[in-house]
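# Observations on the model geometry
The residues making up each chain are set out below.
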Amino acid sequence: MRNRERERSVAATMEPENELIAQRREKLEALRKKGIEPFGCAFETSGSIGEVRNKFKEGEIMRAAGRITAHRDMGKSHFVDLRDATGRMQIYLHEKEVGAEAMEIFKLLDLGDFIGVEGTCFLTKTGEPTLKAHKFEVLAKSLRPPPEKWHGLQDVEARYRQRYVDLVANEQSLETFQKRIAMVREVRRFLEDRGFLEVETPMLQAVAGGAAAQPFSTHHKALGLDLYLRIAPELYLKRLMVGGFNKVFELNRNFRNEGISRKHNPEFTMLEIYQAYANFEKMADLMEELICHLAERICGSLKIEHRDADGNVTRTIDLKRPWRRARYMDLVGEVAGNDWFELTGEERRFRAAKELKLEIIPQLADFEVTQHVFEKLVEEKTFDPLFVTHCPKELVPLAKQNKTDPALVDVYELIINGVEMSPGYTELNDPDAQRQRLLEQAGEETQKIDEDFLLALEHGMPPAGGLGLGIDRLAMMLTGAESIRDVVLFPLLKPKRD
RNA sequence: GGGUCGGUAGCUCAAUCGGUAGAGCAGCGCCCUUUUAAGGCGUUGGUUCCGGGUUCGAGUCCCGGCCGACCCA
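One structure accompanies this document, and this report is about it. (Residues numbered from 1 in each chain as written. Chains lettered and ligands numbered in written order. Predicted model: local features only at pLDDT ≥ 70, side-chain atom pairs only at ≥ 80, totals over all residues. Heavy atoms only, no water.)

### As for the protein's contact with RNA strand B
Close contacts around RNA strand B come from 45 residues, with Gln 23, Gln 90, Thr 126, Lys 149 and Glu 157 the closest. Side-chain polar atom of Asn 18 to a sugar or linking oxygen of RNA strand B: 3.4 Å apart, as the coordinates give it. Contacts to RNA strand B include Thr 124, whose side-chain N or O atom sits 3.0 Å from a base oxygen. Of all the elements in the fold, those that place two or more residues in the surface near RNA strand B are α2 (19–33), β1 (61–73), β2 (77–84), β3 (87–94) and α6 (156–161). In the surface near RNA strand B, the residues fall into 13 nonpolar, 12 polar and 20 charged. (Near = heavy atom within 4 Å. Polar contact = N/O pair within 3.5 Å; in protein donor to acceptor, adjacent residues only side chain to side chain. Helix = DSSP H or I, 4+ residues; strand = E, 2+ residues; numbered from the N terminus. Nonpolar A, V, L, I, M, F, W, Y, C, P; charged D, E, K, R; others polar.)

As structure tokens, this is what we get:
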């Protein structure tokens, strides 16, 4: 009694109830009146639905549990689809098998409810593997109706806000996330097989270093200490190099307090790898190998096809090795004229604006004008893999300068699918040069100097290669997602208010 | 931050020039013992995102706001 009263008051505090929800609540009560607890307990299964389907053998008894996603009512016999993330299994229900009482309970079930079934495997006329139920249990009642069965959940906002509904209603969305999960698993296997150790370094940092980005700030009460969520793990992974770890990686979240776009979520997943005694070229080889491995494992091919909603191929990315490697200056020359670097700053601005039709705001430094040309005319137009090497040092303060041209750094920037996918460096391990470079950059980028990191370098860091890989962007490339929000389970949105 | 587009039943979508808000699915009732987007007959369901304004009359036009998508910065 008391329970029921509490339930009513819970219901009453929520939004005005619609008829469909009210009906489901009535069924909930009706089940309880029959002595059935609609939010059941543990149910022994023969495995996930996918596993039951694999083990399926005519005549054998199996137990499966899942969500009811379809009901085909033939009068005395009923067909029900049971689903979980591993697949679908058809259940056949008939009064002869389960008894009249169970059929009364079955009438109180809805699409979206969870049940557990024990039944005999058989094939229908059309050859569909089916469990002929002899008993079933109610495992959980769903109080809200599922989306339309054919179109699924289309509303983009609802798909992000209620991803759990999206995953149930849209098979394509489920596939995308399963691919992402497989990708992350394969990255770990690949690196472990090659002797890399996975490490965990601080996400709360007193100085947010390792990249030029706005951090999120927070506060530790007990220490009275302002802290930042990390924008990169780089400086801690390098401390581990100092500590004697020669091959390490970290695969986890970074946070950047900046704009949200098709390519940016404030929290995103990054892989960083460091290898002692390597250089950027060795890291490029490793990256090539890793991404090809992932493509083969997840997509079964090095040719990745992106399709639109109608299934037409909109883009094909060819990952066939070896991947092109070209110098930054040569690539800019290809699109902006081979004399680009002989021009004065003024001439470059003029050409970029007038001939190349780019918007050049006056605040840009000279190297930023060139970088803008690079981003618009090279990066955004390059879909097959391209390693851009020997970038200007202003762009990369943590990499080693080139021996023959100190204006350049020994790095690659890997572009695939029109976006920067992975940077790789020959890491700077000279503490004095590192301090100088950070000071040069700190002026404009408000990057504070991490003195403890410099202290670590003074203890000696072996020469090393390092790389980063944007896992979200890689997932977009491998799944054909147009937006990062389609590969992040719960992307950041403004809360909905009344 | 700026621009463009969008928000209609639980879901997917209609609604002509400003003139009674509709359909399919889901739900509910009935028929049907191998269906699979099951089928047939009937039927319920609306704060048209929110707040103002114009008008005899607003889902539609105007202003403001909220949320989202895309583009730009």
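### Points about the nonpolar core
Counting 45 residues, the largest nonpolar core has Leu 271, Ile 291 and Met 477 as the members making the most contacts within it. For this core, the secondary-structure elements that each account for two or more residues are α8 (171–193), β10 (247–255), β11 (267–276), α10 (280–299), β16 (411–416), β17 (419–426), β18 (464–470) and α16 (471–479). Tallying contributions element by element places α10 first for this core, with 11 residues. Beyond its immediate stretch of four places on either side in the chain, Met 477 contacts Ile 291, Ile 304, His 306, Ile 317, Leu 319, Ile 416, Asn 417 and Met 421. Judged by nonpolar contacts, the second largest core, of 40 residues, contains Val 332, Val 396, Ile 415 and Phe 453. (Core = buried A, V, L, I, M, F, W, Y, C linked by side-chain atoms within 4.5 Å. Buried < 20%, exposed > 50% of the residue type's maximum accessible area, 1.4 Å probe, protein only. Contact = heavy atoms within 4.5 Å.)

### Regarding the side chain of Glu 250
Residue placement: Glu 250 occurs in strand β10. Side-chain polar atoms of Glu 250 contact the side chain of Thr 201, separated by 2.6 Å. Ignoring sequence-local partners within four residues, the contact set of Glu 250 consists of Val 199, Glu 200, Thr 201, Arg 230, Pro 233, Leu 237, Met 270, Leu 271 and Glu 272.

### What about the sheet that holds β11?
Reading across from one edge, β6-β10-β11-β18-β17-β16-β15-β14 is the order of the 8 strands in this open sheet, with mixed pairing throughout. Strands with a single pairing partner mark the edges of an open sheet, and in this sheet they are β6 (197–198) and β14 (324–327). Pairing analysis gives 6 bridges linking β16 to β17, with the strands arranged antiparallel. The residue of β17 that forms the bridge with Ile 416 is Val 419. Sheet contacts for helix α9 (residues 234–242): β10, β11, β17 and β18; angle to β11, the most-contacted strand, approximately 25 degrees. Taken strand by strand, helix α11 (residues 328–336) contacts β14 and β15 (386–389), and its axis lies near 85 degrees from that of β14. (Pairing = 2+ DSSP bridges. Axes fitted to C-alpha atoms, helices over the stretch in contact; angles between N-to-C directions.)

### Some thoughts on the pairing of β17
With 7 of its 8 residues buried, β17 lies for the most part within the structure. The turn joining β16 and β17, which pair antiparallel and follow one another in sequence, is formed by 2 residues; a positive phi near 60 degrees is taken by Asn 417. Note that β17 and β18 share 3 bridges and pair antiparallel. Residue pairing in the sheet places Gly 424 in a bridge with Leu 467 of β18.

### A look at unusual backbone geometry
Residue Arg 321 is joined to Pro 322 through a cis peptide bond whose omega torsion reads 0 degrees. For Pro 322, the position within the fold is in the loop between β13 (313–318) and β14. Within the chain, His 390 stands out as a residue other than glycine whose phi angle is a positive 55 degrees. Checked against the element boundaries, His 390 lands in the loop between β15 and β16. By relative accessible area, which is 11% here, His 390 ends up buried. Backbone geometry places Asn 417, a non-glycine residue, at a positive phi of 60 degrees. Considering the arrangement of structural elements, one finds Asn 417 in the loop between β16 and β17.

### Structural notes on the packing of aromatic side chains
By the definition in use, this model includes 6 aromatic pairs. With centroids separated by 6.3 Å and ring planes inclined at 75 degrees, the aromatic side chains of Phe 106 and Phe 136 adopt a geometry described as edge-to-face. Within this pair, whereas Phe 106 is found in helix α5 (residues 100–106), its partner Phe 136 is found in strand β5 (residues 129–140), the two being separated by 30 residues in sequence. Residue Phe 106 is classed as buried on the basis of its relative accessible area of 6%. A centroid spacing of 4.9 Å and a plane angle of 40 degrees characterise the contact between Tyr 328 and Phe 374, whose relative ring orientation is tilted. Within this pair, whereas Tyr 328 is found in helix α11, its partner Phe 374 is found in helix α13 (residues 366–377), the two being separated by 46 residues in sequence. In this arrangement the basic side chain of Arg 63 is found over the ring face of Phe 43, its NZ or CZ atom lying 4.3 Å from the centre. (Phe/Tyr/Trp six-rings, centres within 6.5 Å; stacked < 30°, edge-to-face > 60°. Lys NZ or Arg CZ within 6 Å of the ring centre and 35° of its normal.)

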